[in-house]
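# Topology and contacts: notes
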Amino acid sequence: MLALVSPALLVILALIVLPVGWLAWQSIYHDGFTLENYRRVFTEDIYWRSFALTFEISLAVTLIALLLGYPVAYLANALPKGWSILVLALVVLPFWTSVLVRAYAWLVLLQRSGVINQLLRHLELISEPLALVHNSFGTVVATVHILLPFMVLPLYATMQKIPNDLMQAGASLGASPSLTFFRVFLPLSLPGVLAGCTMVFVLCLGFYITPELLGGGRTVMVSMLVSRNVELYNQFGAASAVAVVLLAGVLAIFFVVSRFISLDRVLGQK
Amino acid sequence: MMMKQSLGLGCALLGAIGLTSAADAAEQITFVSQGGAYQQAQTVAILDPSAKKLGITINQDSIPDAWPAIKPQVGSGKPIWDVVDTPTGNCLRGGEQGLMEKLDFSKIPNGAAMPEAYRSPYSVSYEFYSSVLAFSQKTFPKDAPSSWADFWDVKKFPGRRALRNHPFATLEAALMADGVAPDKLYPLDVDRAFKKLEEIKPHITVWWTSGAQSAQLLNDGEVDMEMAWNGRVSAVAKEGAKVSFTYNQGILQSTSLCILKGAPNLGTAVKFLNEAVDPVHQANLPLHIDYGPGNPKAFETGVIKPERAAQLPSEPANAAKQALMSYAWWSSPAGEAAEKRWASFMQK
């Protein structure tokens, strides 16, 4: 048995355990043992602000993605096979486009002389262009777009497994369609909601390109702190400490989620 | 038996490869720059002619920002790069952190002949660019902003503004807006600069992080005026955008050449350093790109025509209107503290 899994274990050791261990080591060792990097992360308010902002944005993105993604997944589930494949294809198609390209595309749409502002001005709905980008708003919009497939796909997979008989049974007992939805369908789809939300939230925590391009310099998410520590100050230790704290946060989230549903459902949807 | 023979042959082959690469090593260097149009221009103007004249091979590598890569490379004890073209501050700070070779200027006569402000114990100026006040000619068809005081004057010059998301040049601009003379900037009064920046902060639409972004902001009309690098603005203007800039109160900055500590081809690298700042090679650079030569003697070679010279940031008359950035100050403890303070300024 051990012989069979040992190649896999070696790969995990080489690609995950060693680099992460080296990262953690770097954050506590620089010419001797030091907790200075962590002291800074936990006491300097720029780090707090960044972590707080990152959580706020991730939360907003997750909620918006859920509100947008749930009806889409529901539609894909309810439609006949051919149509549902089309809906899913439309969800997955942007997923294959580079994140960078999509971020720039949003810039083209949202900026002052962008498509949306020009349209609104043309329709005389606004007299001054709206500030749609170079702030948290633009960051959230583009991030939702990029992460939406991670919400829709787990939701769809869960909904697929809900037997149609249950809804029919509800209807035959005299429940209205909305009552069957809220009393039967929605509760059964909750594992998918949790799975999708966990995926989107965790991925959003590490976002870098979108806030960098669309945040206007003010939306400083944690991953940007990591890169700035390396670029500006050449402090790999400080950058590692931030990364380790973020990683610990993610692991904590997975731990809490695993109390409610099996992690297999979050990570390995079938 | 067969096995032994092929092993022996293999060893001989390996030995031969080792020998040839050792022989080659004396004749080549690995040079790193920032890529793009800039690296192409210097290849034609400086690198190829230098390689030919010295009879060496120059292997090129490029990276937008060499600084984060330098520490791990030198730290590994076996750096791959020899010579780096990087913002002067990196050479200086790197030197102080033991990442750069200290230069022996008796072996670099071209560098020794340059003004003292243009070199450091670890580097020689290679080319100049300037952080200038750029503006849209559509928004300001006449009476354009022409000083940092104008940039700060949101009543007289209404419009959207952008600054670089970095303290370099931004603190200098703030102090000039507050009335400090360009030649009296250093040591920077950091408190005064940040106080002045707080004033303009609500009016800044974008804090840009890359040169390409700054060019795009101005080109798309996303902002009406901004601090930008002169070459980026002139490139956009050449494409037909209605934008312009002024050298008045520009902050003259340079990239320099420095040599990594423990560089594999140290001797050749020093020879190359001297050749790269040769006035004639240097004078060739602005014929290919809108950056000024690092060696002011280039303007005396006659290679750069007067009308071309007038467009360049380091041309003496243009340089006189500007502030020369003190990289020595920026790499001092006070400079590093100011740089760290920037992050908390941005997030408040």
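In this convention, every chain numbers its residues from 1, walking through the sequence in written order. Chains and ligands are labelled by the order in which they are written, letters from A for the one and numbers from 1 for the other. Restriction of local features to residues with pLDDT of at least 70 applies here, the model being predicted, together with a cutoff of 80 or more for giving and counting side-chain atom pairs; totals for whole chains, interfaces and linings are based on all residues. Computation of side-chain values: all heavy atoms of the structure, hydrogens and water removed.

Contacts between chain A and chain B engage 24 residues on the former and 31 residues on the latter. What gets called buried area is simply the loss in accessible area from a 1.4 Å probe that two parts show on being joined, summed for both. Summing the contributions of chain A and of chain B, the shared interface buries around 2,400 Å²; its carbon and sulfur component is 46%. Take a side-chain nitrogen of Lys or Arg and a carboxyl oxygen of Asp or Glu: if they are within 4 Å of each other, that pair is a salt bridge. At the boundary of chain A with chain B, the tally comes to 1 salt bridge. The shortest N-O distance in the salt bridge between arginine 112 of chain A and aspartate 224 of chain B comes to 3.2 Å. Here a polar contact is recorded for every N or O atom pair within 3.5 Å, except that within protein the pair must consist of a potential hydrogen donor and a potential acceptor, and residues adjacent in sequence are included only if both atoms are side-chain atoms. Viewed at the interface, chain B and chain A are joined by 11 residue pairs in polar contact (both at pLDDT 80 or more). Counting only elements with at least two residues in the side of chain A that touches chain B, the list comes to helix H3 (45-78), helix H10 (209-214) and helix H11 (222-231) of chain A. The greatest single-element share of the side of chain A that touches chain B, amounting to 4 residues, is contributed by H11 of chain A. Gly is placed with the polar residues, together with every amino acid not listed as nonpolar (Ala, Val, Leu, Ile, Met, Phe, Trp, Tyr, Cys and Pro) or charged (Asp, Glu, Lys and Arg). For the side of chain A that touches chain B, a count of residues per class yields 10 nonpolar, 8 polar and 6 charged. For this analysis, residues touch if any pair of their heavy atoms sits within 4.5 Å. Helix and strand assignments follow DSSP, with helices taken as H or I runs no shorter than four residues and strands as E runs no shorter than two, numbered in order from the N terminus.

Residue and element names in this part refer to chain B. Nonpolar cores were defined as sets of buried Ala, Val, Leu, Ile, Met, Phe, Trp, Tyr and Cys residues, with membership established by side-chain atoms within 4.5 Å. We call a residue buried when its accessible area falls under 20% of the maximum for its residue type, exposed when it is over 50%, and partly exposed in between, using a 1.4 Å probe and counting protein chains only. Among the nonpolar cores identified, the biggest contains 87 residues, and Val83, Trp148, Phe151, Leu171, Leu197, Leu257 and Phe272 are the most heavily contacted of them. Of all the elements, strand S5 (residues 123-136) adds the most residues to this core, at 7 residues. If near-sequence neighbours (up to four positions away) are discounted, phenylalanine 151 is found in contact with Leu133, Arg161, Ala162, Leu163, Ile200, Ile204, Met225, Glu226 and Met227.

Summarising the element assignment, serine 172 of chain A is placed in helix H8 (residues 164-172). Side-chain polar atoms of serine 172 of chain A contact the backbone oxygen of alanine 169 of chain A, separated by 2.8 Å.

Bringing the pattern of salt bridges into the picture now. Residues and elements named next belong to chain B. Inspection of every chain in the model, using the stated rule, returns 15 salt bridges over all chains. In this structure, glutamate 222 and arginine 160 form a salt bridge, with 3.5 Å as the shortest nitrogen-oxygen distance. Of the two residues, glutamate 222 is situated in the loop between helix H9 (211-219) and strand S8 (225-229) and arginine 160 in the loop between helix H6 (148-152) and strand S6 (161-164); the sequence distance between them amounts to 62 residues. With relative accessibility at 1%, the residue glutamate 222 sits in the buried group. A salt bridge links arginine 341 to aspartate 191, with the nearest nitrogen and oxygen atoms 2.7 Å apart. Within this pair, whereas arginine 341 is found in helix H16 (residues 333-347), its partner aspartate 191 is found in helix H8 (residues 190-200), the two being separated by 150 residues in sequence. Under the relative-accessibility criterion, aspartate 191 is labelled exposed at 52%. If you follow the salt bridges from partner to partner, you end up with Asp178, Arg192, Lys196 and Glu199 in one network.

All names here are of chain B. Most of strand S7 (residues 204-208) sits inside the fold, with 5 of its 5 residues counted as buried. Pairing between S6 and S7: 4 bridges, direction parallel. When the sheet's bridge partners are listed, arginine 164 is paired in S7 with tryptophan 208. Any two strands with at least two DSSP bridges between them are considered paired.

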